[in-house]
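What follows is the residue order along each chain.
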Amino acid sequence: QVQLLESGGGDVQPGGSLRVSCAASVSIFSFVFMGWYRQVPGKQREPLAALTNNDNTNYADAVKGRFTISRDSAMNTVYLQMNDLKPEDTAIYYCVAGRYTYTWPNLSSDYWGQGTQVTVSS
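Because the structure is predicted, anything quoted here is derived from the model rather than measured.

**Structural notes on the state of the cysteines**
Tallied over the entire structure, the rule returns 1 disulfide. What pairs with Cys-22 in a disulfide is Cys-95, and their sulfur atoms sit 2.0 Å apart. The chirality of the disulfide connecting Cys-22 with Cys-95 is left-handed, given an S-S dihedral of about -75°. A residue pair is termed long-range when its members are at least 10 positions apart, and Cys-22 in strand β3 (residues 18-24) and Cys-95 in strand β9 (residues 91-98) qualify at 73 residues. In this structure, Cys-22 and Cys-95 share a single accessibility class: buried.

**A closer look at the packing of aromatic side chains**
This model, assessed by the stated rule, comprises 4 aromatic pairs. Between the aromatic rings of Phe-31 and Tyr-111, the centroid separation amounts to 5.8 Å while the plane-to-plane angle is 55°, which identifies the pairing as tilted. Here the residue Phe-31 occupies a position in the loop between β3 and β4 (33-39), and Tyr-111 occupies one in strand β10 (residues 111-112), the gap between them amounting to 80 residues. For Tyr-111, a relative accessible area of 24% gives the class partly exposed. Considering the side-chain rings of Tyr-37 and Trp-112, the 4.9 Å spacing of their centres and the 45° angle between planes classify their relative orientation as tilted. Of this pair, Tyr-37 sits in strand β4 while Trp-112 sits in strand β10, and the two are 75 residues apart along the sequence. Tyr-37 gets classed as buried once you look at its relative accessible area, which sits at 8%.

**Quick word on the pairing of strand β11 (residues 116-120)**
Residues Thr-116, Val-118 and Val-120 line the buried face of β11, whereas the alternating positions Gln-117 and Thr-119 sit on a face that is not buried. Sheet topology note: the strand β2 (residues 10-12)/β11 ladder contains 3 bridges and is parallel. Across the sheet, Asp-11 pairs through a bridge with Thr-119, a residue of β11. In terms of strand pairing, β9 meets β11 through 3 bridges, oriented antiparallel. Residue pairing across strands places Ala-91 opposite Val-118, the latter belonging to β11.

**Some details on the side chain of Thr-77**
Following the sequence through the fold, Thr-77 ends up in strand β8 (residues 77-82). On the basis of relative accessibility, which here comes to 7%, the residue Thr-77 falls in the buried class. A polar side-chain atom of Thr-77 sits 2.8 Å from the main-chain carbonyl oxygen of Met-75.

**Some remarks on the pattern of salt bridges**
Under the defined criterion, the tally for this structure stands at 4 salt bridges. Where Arg-38 meets Glu-46, a salt bridge forms, and the shortest distance between an N and an O atom there is 3.2 Å.

**What about the environment of Leu-80?**
Residue placement: Leu-80 occurs in strand β8. For Leu-80, a relative accessible area of 0% corresponds to the buried category. The residues touching Leu-80, leaving out its near neighbours within four places in the chain, are Leu-18, Arg-19, Val-20, Trp-36, Leu-48, Ala-49, Phe-67, Thr-68, Ile-69 and Tyr-93.

Here is what the cut-offs are and how they apply
- Residues numbered from 1 in each chain as written.
- Predicted model: local features only at pLDDT ≥ 70, side-chain atom pairs only at ≥ 80, totals over all residues.
- Heavy atoms only, no water.
- Disulfide = S-S within 2.5 Å.
- Helix = DSSP H or I, 4+ residues; strand = E, 2+ residues; numbered from the N terminus.
- Buried < 20%, exposed > 50% of the residue type's maximum accessible area, 1.4 Å probe, protein only.
- Phe/Tyr/Trp six-rings, centres within 6.5 Å; stacked < 30°, edge-to-face > 60°.
- Pairing = 2+ DSSP bridges.
- Polar contact = N/O pair within 3.5 Å; in protein donor to acceptor, adjacent residues only side chain to side chain.
- Salt bridge = Lys/Arg side-chain N within 4 Å of Asp/Glu carboxyl O.
- Contact = heavy atoms within 4.5 Å.

Below, the structure written as structure tokens:
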């Protein structure tokens, strides 16, 4: 079984920062890419960032310059560092992984985590 487990969500004030983590049950190099989506209830999920196994990255325009995706291969973990957070960033953040190459923003994800809640409010 492949499992992705997100953590690090929570409450933060506007302008603050947060880092969410995604720990995989297998080597992250088992995947062609890993990435992050977010979803607000009643709205379509948004692809935010992706990182390939050869270090290419993609970002959504809404988060480019504020969010950074990275990995720690030894820990089988991918991170999303979120800076200058805004109320509209409030969502459930999901980790994804795939075994196929992608054309951004279509990630063709094969695996999804359970999500971690991020709430930005004053």
